[in-house]
Amino acid sequence: MTTATTPANDRQVEAAPQSADMADWTGADFDSWEVLTSLNVSDPITRVTRARQGHGQERTS
């Protein structure tokens, strides 16, 4: 990965590699990725992508 400076807070972070999973990300998804990256969470792209999928709703009788 490469290092980039985020314009909003002038902070050094690792730039996210572009992947097919990121094609339809919203601003909130990128914000989530930035937070996970700042916390040194492993594989933040996968975590954000999984969170976007949701868990569906359970049926009740």
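Residues numbered from 1 in each chain as written. Predicted model: local features only at pLDDT ≥ 70, side-chain atom pairs only at ≥ 80, totals over all residues. Heavy atoms only, no water.

Asks: It is not clear to me how the side chain of Asp-29 should be interpreted in this structure. Could you clarify?
Replies: With respect to the secondary-structure elements, Asp-29 resides in helix α1 (residues 27–38). A polar side-chain atom of Asp-29 sits 2.6 Å from a polar atom in the side chain of Arg-52. Residues within four places of Asp-29 in sequence aside, it is in contact with Asp-24, Val-48 and Arg-52. (Helix = DSSP H or I, 4+ residues; strand = E, 2+ residues; numbered from the N terminus. Polar contact = N/O pair within 3.5 Å; in protein donor to acceptor, adjacent residues only side chain to side chain. Contact = heavy atoms within 4.5 Å.)

Asks: Explanation requested: the pattern of salt bridges in the structure shown.
Replies: Here the idea is simple: oppositely charged side chains can pair when their charged atoms come close. One pass over the structure, following the stated rule, counts 2 salt bridges. For Arg-52, the salt bridge goes to Asp-24, with nearest N and O atoms at 3.3 Å. Taken together, the residues span a long stretch of sequence, with Arg-52 in helix α2 (residues 44–53) and Asp-24 in the loop between β2 (11–14) and α1 at a distance of 28 residues. We note a salt bridge from Asp-29 to Arg-52, for which the minimum N-O separation is 2.6 Å. (Salt bridge = Lys/Arg side-chain N within 4 Å of Asp/Glu carboxyl O.)

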